[in-house]
Amino acid sequence: MKFRLYRYSPESGEKPFMQDVELDIDPAGKMLLDALLAIKAQDETLSLRRSCREGVCGSDAVNVNGRNRLACITPLSELKQPIEVRPLPGLPVIRDLIVDMEPFYKQYRSIKPWLINDDPEPEVERLQSPADRALLDGAYECILCACCTTACPSFWWNPETFVGPAGLLQAYRFIADSRDEATAARLDNLEDPYRLYRCRGIMNCVDACPKGLNPTAAIGRIKSLLVKRRV
Amino acid sequence: MNTRRFDALIIGGGGAGLRAALQLARSDYTVAVVSKVFPTRSHTVSAQGGITAALANVDDDRWEWHMYDTVKGGDWLGDQDAIEFMCREAASAVYELEHMGLPFSRLDNGKIYQRPFGGQSKHFGGEQATRTCAAADRTGHALLHTLYQQNIAHRTQFFDEYFALDLVHDADGYCLGVTAMSIETGEPLLIEARATLLATGGAGRVFGNSSNAMINTGDGLGMVLRAGLPLQDMEFWQFHPTGIAGVGSLITEGVRGEGGYLLNKNGERFMERYAPHAKDLAGRDVVTRAIAIEIAEGRGCGAASNQGGGDYVDLKLDHLGEALIAEKLPGIRDLSIRFAGVDPVQAPIPVAPTAHYMMGGIPTNLHGQVVAPARFGPEEPVPGLYAVGECACVSVHGANRLGGNSLLDLIVFGRAAGRHMQETLRDNPYPRPLPENAAEQSLARLARWERPGSERVAAITDDLRRMMQAHAGVFRTDAVLREGLAKLDQLEDRLAHAGLQDTSRVFNTARIEALELENLIGVARATLVSALNRTESRGAHTREDFPERDDAHWLKHTLYSRAGDQVDAKPVRLKPLTVETIQPKERIY
């Protein structure tokens, strides 16, 4: 199979370039990660992040044939050749397929992604009805892979001021949690021209999410809450 | 070398490390977490089925029954004081997680959802208990993310993508911190601390077919061996009964908890023969051996390759209905579709025993302090050094771990170690002086990998994994283990002649893999030597040449030290904290 891989080594003194690689591999039952690791076995300079190899840890998000995907759950048989693999778009590249994720993590931290409830804790669990718990489905499953946020043009243009789809989905996760009491503060946190309102409903995030989550819908619900409290 | 200094230092950002870090972040002490990956990538994230605690939300339950099940599950090799401690602490540890925001699934009355799991019983071996608290089948994900969120809230200092190299200790044996390397820049770093905790997880990557992530390379164990300290019970490796055949990805025991069951090629629910009472929810080692025997005797499913049968069995759950599977088991449905090409709503999932969990590890007491035979006896704490989680051996899991007890282990002992580290910090308020040559061993290790060599790290690693799969698997004999050791000798020789093709500094993953291989070799050696040494079968360690459990000679823990491949023993702690000893008896499911 034919691959074109984005290569960049800061120590080489050279600019980034696309490397053509031919790999003897039978695609049946194999994922892109298997191919990348096979290439690495021949050329140990190829650098990438990876861990769980089953699509739950979020380490190996890359841009494949123009789309952000997790390498470990992207079947080779689905990919048109030459298979072009690039680092996630819009983030600084450290080396090869490894990007600096700090701008993404920073926005995640900025929405205060932890449960806020200052009431004295009961001796047992706080109760939560199945209906209330269901509000978290579609939000708590995010693996912070950054496929969505690095597919978002608004995030490309304003990574420092727009929170981005993943951060906003997590903001919704806590706003929606019946045990969280900081909804007002969370909404205040997002109420400026940039943090939430740079979302234009482009929906690249929905297209890109490997877990089938829908940040646009969550952002829409936050917008409704912002409007309701002003009316 | 650059130096940083904190009161407490945690190596590893998984569930155990983050729980301990949180305990310290909430105190007046400073704490840093060193993790070779961004913490939410840690392998805790993939845990599926749940965390066990006797909350009695669904059915009658008591912690004493949980303790009994854990002692029996471990085939009486677990230390009963530590097991009592864990089972007593379980409910409060789980409620705490819920208060932190963990999105548990819920019952209609709003309480935390619990599901039946393997090896769980009511009334000390009676009917099936319902004891494992769950967040769908993503409990590990929910747990790890919740703990990471709490650590951010409490401003824990993180060293993300730093690889820990070695423990630093002084001539009196006090642990003073670690040397580490920034993966991004290649720069070495010395981090001093008055209390250091190893929470580096398991080493399943030593086997060819494993449920483990690629990062599980036993790094903490390697550090401990190089520091001259022993590892405990390394012969006990759990092969989970239901990894996706040929792939390794785990299908949670929770599937069987929700009502799924195993079938051989004749459509027989064969667990009824091996475990008439608990059937598919017997202890994991029992189910694994059953599957292995069914396959070996030609009743495996799939294309005939083994005495007329295939090399896997079927896990049937379609009878549970799509609604239940979508609500309670969505994660494994996804995995099955992706990796087995099967939608469990329609058809059974092909599964086979898969290396999964390391019951052995760094010996500790129930405070998480690393203990080693020293001047005063087998359980003397190594000052300043702690270990928790899969890398540690308290021992609560004994010869076999029950499902749901690992996430519990992380939280209970992560908290206990965090608390005890505060006492250590209070009692030792000033740092001890670093020896002159503190970083010498680590710098030598790094320098070694600058030298060229004829052998390749990736090839040696592949051969190591293949060797362990063949020689340290479910069924072991003296001859097979010895052959494995002979092959390991050859692999170590090849390692001595290995070199990197890439000696660059920035994000050099080849260098990390070389350092990880050094740790894996140590783990493999400890496993094979310990397995050869134990001439009985107990829990997950099955010797075909010594098929019976032998309490008279073997009711003791194995201690392996690297120097001379020395094997010592120490007694199992049979006396619990407050209740009566659960006396050893025959283990029948």
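Computed from a prediction, not measured in an experiment: that's the story for all the values here.

Caption draft 1: Looking closely at the overall build of chain A. Within chain A, the regular secondary structure consists of 8 helices and 7 strands. In terms of overall dimensions, chain A has C-alpha extents of about 60 × 35 × 30 Å along its principal axes. Counting all 231 residues of chain A, 53% fall into the buried class. Residue pairs at least 24 apart in sequence account for 64% of intrachain contacts in chain A once pairs closer than 6 positions are excluded. Carbon and sulfur atoms provide 52% of the accessible area of chain A, an area that totals close to 9,900 Å². In chain A, the 31 positive side-chain charges and the 32 negative ones have mean positions that sit 5 Å from each other.

Caption draft 2: Examining the interface of chain A and chain B more closely. Between chain A and chain B, the residue contacts involve 57 residues of the former and 61 residues of the latter. Carbon and sulfur atoms make up 52% of the surface buried where chain A meets chain B, a total of about 4,800 Å² over both sides. A per-residue breakdown of the area chain A buries against chain B is headed by Glu44, Arg53 and Glu125 of chain A, which together make up 15% of the total. Connecting chain A to chain B are 5 salt bridges. In this structure, Glu98 of chain B engages Arg179 of chain A in a salt bridge whose closest nitrogen and oxygen atoms are separated by 2.8 Å. Linking chain A to chain B there are 33 residue pairs in polar contact (both at pLDDT 80 or more). Put simply, the parts of the chain that give the side of chain A that touches chain B at least two residues each are helix H1 (32-42), strand E6 (93-95), helix H2 (102-110), helix H3 (130-134) and helix H5 (165-176) of chain A. Counted by class, the side of chain A that touches chain B contains 30 nonpolar, 9 polar and 18 charged residues.

Caption draft 3: Just the layout of surface pockets, in detail. Its boundaries defined by the atoms lining it, the largest pocket holds a volume of some 1,300 Å³. Lining of the largest pocket is provided by 38 residues; of these, Leu37 of chain A together with Arg205, Met214, Asp462 and Arg465 of chain B occupy positions nearest its centre. Residue assignment for the lining of the largest pocket shows that the elements contributing at least two residues are H1 of chain A together with helix H13 (457-471) and helix H15 (509-533) of chain B. In terms of residue class, the lining of the largest pocket is made up of 16 nonpolar, 8 polar and 14 charged. The computed volume of the second largest pocket comes to approximately 940 Å³. Of all the elements in the fold, those that place two or more residues in the lining of the second largest pocket are strand E3 (61-64), strand E7 (98-99) and H2 of chain A together with helix H4 (139-153), strand E7 (157-160) and H15 of chain B. Along the lines of polarity and charge, the residues of the lining of the second largest pocket split into 24 nonpolar, 7 polar and 14 charged.

Caption draft 4: Quick look at the side chain of Asp7 of chain B. Residues and elements named next belong to chain B. Tracing the sequence through the fold places Asp7 in the loop between strand E1 (2-5) and strand E2 (8-11). Asp7 gets classed as buried once you look at its relative accessible area, which sits at 17%. Within the structure, Asp7 has its side chain in polar contact with the backbone nitrogen of Thr30 (distance 2.8 Å).

Caption draft 5: Spatial organisation of the environment of Glu160 of chain A. Its place among the elements puts Glu160 of chain A in the loop between helix H4 (153-157) and H5. A C-alpha to C-alpha distance of 8.7 Å links Glu160 of chain A and Lys106 of chain A, two positions 54 residues apart in sequence.

Caption draft 6: Structural detail: empty space enclosed by the protein. All names here are of chain B. Tallied over the full model, the rule gives 7 cavities of 30 Å³ or more. Of the voids in this model, the largest cavity is the one considered here, and its volume is about 780 Å³. Around the largest cavity, the lining is made up of 49 residues, and of these His43, Thr44, Gly201, Asn216 and Glu390 lie nearest the centre. Counting only elements with at least two residues in the lining of the largest cavity, the list comes to helix H1 (15-25), strand E3 (31-35), strand E8 (162-169), helix H5 (219-226), strand E16 (349-358) and helix H11 (405-427). Its residues assigned to classes, the lining of the largest cavity comprises 17 nonpolar, 25 polar and 7 charged.

Caption draft 7: Spotlight on the environment of Ala47 of chain B. Residues and elements named next belong to chain B. Checked against the element boundaries, Ala47 lands in the loop between E3 and strand E4 (51-52). On the accessibility criterion, Ala47 (23% relative accessible area) is partly exposed. Here the alpha-carbon distance between Ala47 and Ala142, two residues 95 residues apart in the chain, equals 9.3 Å. What Ala47 contacts, discounting residues up to four positions off in sequence, is Asp137, Arg138, Thr139, Gly140, His141 and Leu407.

Thresholds applied
Residues numbered from 1 in each chain as written. Chains lettered and ligands numbered in written order. Predicted model: local features only at pLDDT ≥ 70, side-chain atom pairs only at ≥ 80, totals over all residues. Heavy atoms only, no water. Helix = DSSP H or I, 4+ residues; strand = E, 2+ residues; numbered from the N terminus. Buried < 20%, exposed > 50% of the residue type's maximum accessible area, 1.4 Å probe, protein only. Contact = heavy atoms within 4.5 Å. Areas by Shrake-Rupley, 256 points an atom, 1.4 Å probe, with all protein chains shown as cover. Lys, Arg positive; Asp, Glu negative; His and termini not counted. Charge placed at Lys NZ, Arg CZ, Asp CG, Glu CD. Buried area = accessible area lost by both parts, 1.4 Å probe. Salt bridge = Lys/Arg side-chain N within 4 Å of Asp/Glu carboxyl O. Polar contact = N/O pair within 3.5 Å; in protein donor to acceptor, adjacent residues only side chain to side chain. Nonpolar A, V, L, I, M, F, W, Y, C, P; charged D, E, K, R; others polar. 1 Å grid on protein atoms, 1.4 Å probe; cavity = no way out; pocket = protein on both sides within 12 Å on 5 of 7 lines; lining within 4 Å. Points joined across faces, edges and corners; volume = space filled by probe spheres on them.

By themselves, these are just geometric observations and shouldn't be taken as functional.
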